[in-house]
Structures are given as C-alpha cells and as structure tokens.
Amino acid sequence: MSKYSIYFVLLALFIISWLANENFIQPNNLKNVANQISVGTILAFGQTILVISGMIDLSSGSVLALAGVLSVSTYVNTGSLLLSFVVAIIVSVTCNILNGLMITKFRTPPFIATLAMMTMARGAALLYTRGQNIYQIGDYIIFGQGSTFGIPNPIIFLIITLLVTAYLLKHTIFGRSIYAVGGNEEAANASGIDVNKTKMKAYIINGIFVGIAGIIFMSRVNGGMPNGAISYEFKALTATVIGGTSFTGGVGTAMGTLAGAFIVGFLDNIMVMVGVDSYLQQVVRGAIIALAVIYDIWAKTGKADKKLRSAE
Amino acid sequence: MDKDIKLRVKNISKSFPGVKALDNVSFAVKRGTVHAICGENGAGKSTLMKIINGIYKQDSGDILIDEKVVQINNPIQARSLGISMIFQELNYIPELTIEESLFVGNWPKGKYGNIDWKMIRKKTLELLEKEGLDYLPTIKLKDLSISDIQMLEILKAISYNSDVIIMDEPTSAITQKEVEVLFNKINGLKERGVSIIYISHKMDEIFRIADEITVFRDGIVVDSRNKDDYDMETVIAQMVGRKLDNSYPKENVEIGDKILEVNNLTSTGQFEDINFYLKEGEIVGFAGLMGSGRSEVMRALFGLDPYESGEIIINKKKTIIENTQDSIKNGMVMLSEDRRRFGIIPVRTVKENVSLSNLKRFIYGGRLHKDEEIQTVTEYCNKMNVKTPDIETIVEVLSGGNQQKVILAKWMVTNPDILILDEPTRGIDVGAKYEIYKLMVELAKEKKGLIMISSELPELIGMCDRIYVMAKGRIAGELDRENFSQKNIMLYATASSNEKEVEV
C-alpha cells in the first residue's frame, strides 16, 4: 500500500480539485495541464535517473536554453526541422558529457560540476544571441504547438520519454546499475559494475531529454529565448522528489516522477481556477510540496519498521 | 560471595507481526560480573538488548535496575540510567576525528554554550592514555581499521561511566592481540563494579570471560547457569536444540591443477613480493595479524586496488586485472570483510542484490526476463539457505548472517572458479557458520579453488588444505596440513621482517 502512497496523494488532490471546481475535470483543461507540465516533466525524468544514481543536474534549465536557441537559430538559417532537432540534442548531450567528465575524471561533486555548467551554458546562450530573443520561427512551432492524431506533440514527447525512462530503469543492465551505484557505490564497484561508465551514461541520457525539452520549450514560447526556462531544474527536481525518488540515492521510479509532476501541475491549475492570490499560490505550492514528501516518508518508514520487526 | 543483582529482566514478552520474538523472558545480571548471552541469530538476543537499550518497547514485563522497575523509552534514557550498548554492526561517521566521535552528543560546554574543544582534547588524551591506546585524537575514523573503531566504541561506553555495558559481538572484528586488551579491560571494569552483558558466538571466549551464561533459543531462555556448571557442548546443544557432531565439516577433496598463480605481486607500502598458488578443489588459508597485508593483497588481486608489479596467472593464462570487471570475467570473485561497505546495496531487494553481478544472465534480447531472474535467485537463496520473508525484501532489514549469504548467492550466480573469502564468518552465529563451512566444502568438491582469510585460527586449521602466513606485507611462511597448529602460525605471523629477509 505505502509503495503507492504518492498516487493516493495525487488521487486525493484530483478529487479535491474536482469538487472545488467542476471545470477542472474538463478534457480540455486536463490536456492543458499535461501540455504545461511537459517540459518540466521531461527534465524531471533525466533528474530521476541522475538522483537515483546519487547525482543531480543543476544545469538542465540553462542547457535547455542553450540547446533551444541554437536549435531555433539552425531552423531559421536552414529551414530544416530535422537538422534543428539534431542540433539541440548534440548541444545538450555535449554539455552533459562535460558534466559527466567533470564528475568521473576529475572527481568533482555533481552539485558543483553542474552548478558550473549552469552558469556556463546560460552565459553561452546569451553570448550567442547577444541577449536578443530570436523571433519568427515559422514551422518550428510544430514541436510544441502541433498535434499528432489529435494529441498535442508535447504530450507525445512526454509519453515517449516516460516510456524510455521506465524501460531503462526496469529492463536494462544500465537501470539496475544506476540503482546499485546510487544505493552503495563501493559495493556496486565490488560487484563488477563499471561505476564511471554508468554515471557517464546517466548524463548522456539526461542530455537527450534536456535537448528534447529545449525544443518543446522554445517552440511553445514562439521564439529562441536565451533567458528562458530559468530555474526549471528545480521544477524538475520538485517533481522528482515528490515522486518518491530518494536524495540519498538508490530509490525512485519513472511513474513516481510523473505522479509528482501531475501533483504540482494540478495544484497550480486548481489554484488559478479558484482564484487564489498569485503570491499566496507560491506559498501554498511550497507547503504542499513539504506535506506530500512528509506523507510519503511517513508511509514508507512505517512499512520499513514493520518489515524489520517481522524479520527479527 | 553472593553479589547483588544490578539488572533484572522479568517476564518480558515482545511480538512483531507474525513472530513472537521474546516469550516471558527472565534473567538477572549481578553487579560486577560478566553475563554471557548465547543463542543463534533470531533467538531473541538482539531484540532483548534493544529493549534494555530503549530502542524497542516490550509488550509486557519489567526491567529492574537495582531491583527497582524502570521505564526505558530511548537510548538516551538508557544511558542516563547507566546502560551503554556497543553494537555489532558499527555505525560511525567516517569524516569525524577520534576526539569528535568520542564526544558526539555529549559535548562538554564552555562558558558561552560553545563546545569546549580544549576540554575534549584533554579528556580524549587522558582516556587514550588510561586505556593504553596510542592514537592521535585528530585522525579521522575513515582512516582507521574496523578493529580500531570498535576499540573506540568500547572507549566511548567507558567514558559514559556506565554501570551496565552491553557488548554485541565485540570481538568479531578485532585480532587476537586486541581481544586480550579487551579482556583485560573487561576485567578492569568488573573490578570497578560494572556489569557486562556479553553477546558472542565464540565459545572459547565466553568460557574465558563469563561468570554466568544464559542460553536463548526461539525467544525463550533455555537455561541460565554459573559458568562452572556449564561446558561448551552443553551450551551449543542448548542453543541449537541438537548436538553438533563436528564443528568443521572438512572433507578430503581431490586436488586438481593450478587455477591461480600469483608471482611477485607488489604494491609499495602495502605488500611486497607476494608469491602463492591455488589449485582446483583446494581451500587455502591466509593467516596473519591485522595490518599484515592479507586483505590488501586480496583487494589488489580482485581489482579493487591497484598493484604496481607482479603477475597474475588464472587458468594458466597471464591475466591483467585492472578492475573488478576483469576478475569477475575471469571467474574470480571476492567476499569482502566489510559487507556493509563492499557487499550489499542496502536499499535494494534481495533479488536485485543477488542478480547484480551477472545481469547479462537475466537481461538479454532487450528486456528483463523476470521469471528467469526470480527462479534463479530463489534457487540460489534456497541453496545458501537465506532466511528472508521473500526475495523482494530490502536487504537492509536482514540479519548479518543472511546478508552474508545474499552476497554469497550473488557470487554463485556468476559461477566462479576462484572464491576469495575475507573473514566469511565474522559476526555470524554457530549454525550459519557451519552452513558456510559446508558450502565451502561443496564448492571445493565442484573443483573450485577457495582462498580464506581469517583471524580465527581454529577455523583456518579446521578448514584449509594449506595456510600462508603473512607478516608485515610479506608472506612469512607456508604450512601444510600436517604442520598446522596455532603455535606454528603465530610463530610466522609475529616473525620480524629482518629475519624474513635473511630467509629469502
């Protein structure tokens, strides 16, 4: 039961929102929420993989902006959607390989390494655009505003990244390795896991997700914004942590993170709908985050105690 | 000379969901005596100690100190009542220095409520000197060996001026020499009127140090007697509920070809010129005092630490081992002495821990083959006799012996040819020890080669075909079965390095 505690929080919030405002349950509104949380949630899947393996990415918002503006600029100059897509991924993966190298080769703590990258990537985005937004992006808006078979493209990307993350975590050697590395790095190494390779792969996958998020973000805001997505890394971490991923490493799931993202998304949505003061919204959002995590920890430790006792 | 009762436990019962851990348990510890508690893992010893230490609350029954009923709700209350506990699984903060760790939670305060570091330094030096230990107070715990840290835990309990000290397997991680130091200390404490509750699986120690012995089995007190009214066989028979016919199930196994040869392995400052070999079906022991370099050699051989020069030949092929992937690939695995640090992934399940070293076996063709994993893991867990509610249980909650079996099961899944076992029975109860010995014999019969490092000489003598003795980073001698004796091993182990160089 307690394994699913975060889903009960989500369900409770859903029902409360429904009772608070009947429009909440309208398909259009729900679609809207999913659309809005797509960018942050795709980042959150990358964070989930990193946090499970005992690491973090503070640079994802900035790298998103850098990859996004270079991608937009590529489209404006060449008119190729494919090329612009590829550029975003290459840029973002490169930044994340640098993160990974800092951490595995030079033994920098992930917090510090990605903090440095956060500043560098934002600077590079501003430098490249000289601080100017790139407008008139034409068909580039398809990524974030178009639909396929009636489903908005951001939601399709969201579903794909969710499935990829869940698959990686459950069905691959890489997935088992990151749980082991995050759970006990020395024991993972002594068990024959290549710890550095695992960490590097985690950053590369994070890089791909951040690149995709960059494309959707710029497309949704109708331009290449070098100052866009500031503090999105914390948005992503919020969803990750609410979703039950442990900051001490070794624990977390893709579905949990999705639930975490929806908790934040529904909360923001319903507060707007019932007209909560916008400053108060922020206070409430913070408080709910704290409550959700406290409930989750409480439910989990209760279970751990019981298991411990029955094993004695 | 009837001494008065310091601590009395009266009719204590404690249940956990599905298990009656303690059933109407009563016994008494006299002032200034050592009271040994024997029992297999799961017999209820630890649960009772945790109740006395305030970690658990009993369902019924009383704890009396000086014949007065006391309520103990947490370890801090226990400490204020004069009860300290030294845990078997040491929990320590690696980044703390010796002096910091001695006074954690008990800092002497200065004038302004600040921590009085000068006082800490002074007290630490006093304490270390009084107990005859020559550590620098500023050394970090991460730079100490397990035995050093255990010594410090004992120091800490002493520094609280406790009247009752519970020691849970205090000698599981320390050398013979340090055991003597500990026993001297225990005798000193007894003279000061301190009562010691001594939990151990080592019968010889219990019979040396205990005044009284209480035997637990399945949550009840089987018997409680004066030591002089007991003998070792009776205690063991009471513990296991049956008589163990033979404490070492050693069998003669046909010895085959050399599967491992190590030539001139050197890592300056750690060990030098290490030469030895291992044959199929052989159990080869490595003896030596702590710090003799036994574990360091094996860590380098397994790829956990680098070595500078020398050659490793596995199955007649010269093999370069740079990391653990190399050694596992070549069929060589190692059970580390520190299972919490190098053995288990505590937050993951038994299943994931067991399959970790050979994931290829279950993850192929682009997906995880769940049923195969469950089947294989269950099979190996049964073979190793892992006691766990199910294989989805988090490893953290299992007992030390069961965690050890989980790690062994993990290695068995890789089907190794060479097993390096570093203190495989440390802190494990008699029954589980016997299971591990039997398993070692089984593996030898399957033509695997085994290397066993142990600080317990009877175990090495009982189980091995040959023993190498290390001293000061070198192999000081090699003994065949006919020359096995504690005396011969100790002779080599304490040989000075000068003599050694002359001999070479």
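Conventions adopted
Residues numbered from 1 in each chain as written. Chains lettered and ligands numbered in written order. Predicted model: local features only at pLDDT ≥ 70, side-chain atom pairs only at ≥ 80, totals over all residues. Helix = DSSP H or I, 4+ residues; strand = E, 2+ residues; numbered from the N terminus. Rg over C-alpha atoms; globule rule 2.2 N^0.38 Å. Contact = placed C-beta atoms within 7 Å. Domains from an automatic or database assignment. Pairing = 2+ DSSP bridges. Axes fitted to C-alpha atoms, helices over the stretch in contact; angles between N-to-C directions. Core = buried A, V, L, I, M, F, W, Y, C linked by C-beta atoms within 7 Å. Buried ≥ 20, exposed ≤ 12 C-beta atoms within 10 Å, placed from the backbone. Parallel < 35°, antiparallel > 145°, perpendicular 65-115°, else oblique. Left-handed = near helix turned anticlockwise from the far one by under 90°. Nonpolar A, V, L, I, M, F, W, Y, C, P; charged D, E, K, R; others polar.

Looking up chain B in an unreviewed UniProt entry gives the name Ribose ABC transporter (ATP-binding protein), with the organism given as [Clostridium] ultunense Esp.

A.B. asks: What should I look at first to understand the overall build of chain B in this one?
C.D. replies: The number of helices and strands found in chain B is 18 helices and 22 strands. Computed over its C-alpha atoms, the radius of gyration of chain B comes to 24 Å, within 12% of the 23 Å expected for a compact globule of 504 residues. Counting only C-alpha atoms, chain B reaches 70 × 55 × 50 Å along its principal axes. In chain B, 69% of the contacts between residues at least 6 apart in sequence involve partners at least 24 apart.

A.B. asks: Explain the interface of chain B and chain A here, please?
C.D. replies: A common way to state how big an interface is: give the accessible area lost once the parts meet. Taken together, the contacts link 33 residues of chain B with 26 residues of chain A. Sorting the residues of the side of chain B that touches chain A by element identifies strand E2 (19–30), helix H10 (324–329), helix H11 (339–342) and strand E18 (367–368) of chain B as the ones contributing at least two each. No other element matches the 3 residues that H10(B) contributes to the side of chain B that touches chain A.

A.B. asks: Mind showing me how you'd approach the domain arrangement of chain B here?
C.D. replies: Per the domain assignment, the segments making up chain B are domain 1 (5–240), domain 2 (246–331 + 416–504) and domain 3 (341–414). For domain 1 of chain B versus domain 3 of chain B, the separation of C-alpha centres amounts to 32 Å.

A.B. asks: What is the right way to look at the sheet that holds strand E12 (residues 271–279) of chain B in this model?
C.D. replies: Residues and elements named next belong to chain B. Ordered in space as E12-E11-E14-E15, the 4 strands form an open sheet in which the pairing is antiparallel. Strands with a single pairing partner mark the edges of an open sheet, and in this sheet they are E12 and strand E15 (317–319). Averaged over all pairs of adjacent strands, the angle between strand axes in this sheet comes to 20°, irrespective of strand direction. One ladder, built from 5 bridges, connects strand E11 (residues 258–267) with strand E14 (residues 309–314); its direction is antiparallel. Residue Glu 261 lies in a different strand from E14, and its bridge partner there is Ile 313. Packing against the sheet, helix H9 (residues 294–302) makes contact with E11, E12 and E14, and its axis sits at approximately 110° to E11.

A.B. asks: Mind showing me how you'd approach the nonpolar core here?
C.D. replies: The nonpolar side chains of a soluble globular protein tend to be buried with one another. Core analysis: the biggest nonpolar cluster contains 169 residues, and A:Leu66, A:Ala213, A:Ile263, B:Ala409, B:Ile420 and B:Val469 have the highest contact counts within it. Built from parts of two domains, this core gets at least three residues from each of domain 2 (246–331 + 416–504) and domain 3 (341–414) of chain B. Once residues lying within four places of it in the same chain are set aside, the contact partners of B:Ile420 are B:Met298, B:Leu301, B:Phe302, B:Met334, B:Leu335 and B:Ile451. B:Ala21, B:Ile72, B:Ile83 and B:Ile166 belong to the second largest nonpolar core, which has 51 residues in total.

A.B. asks: So what exactly am I meant to see when it comes to the packing of helix H3 (residues 60–78) of chain A against helix H5 (residues 110–129) of chain A here?
C.D. replies: All names here are of chain A. H5 packs onto H3 with a crossing angle of 25° between their chain directions and a minimal axis gap of 7 Å. Comparing their axes, H5 and H3 come out roughly parallel. At the point where H3 passes H5, the crossing takes the left-handed sense. Of the residues in H5, those in contact with Ser 62, Val 63, Ala 65, Leu 66, Val 69 and Leu 70 of H3 are Met 117, Met 118, Ala 121, Arg 122, Ala 124, Ala 125, Tyr 128 and Thr 129. In terms of residue class, the contact of H3 with H5 is built from 11 nonpolar, 2 polar and 1 charged.

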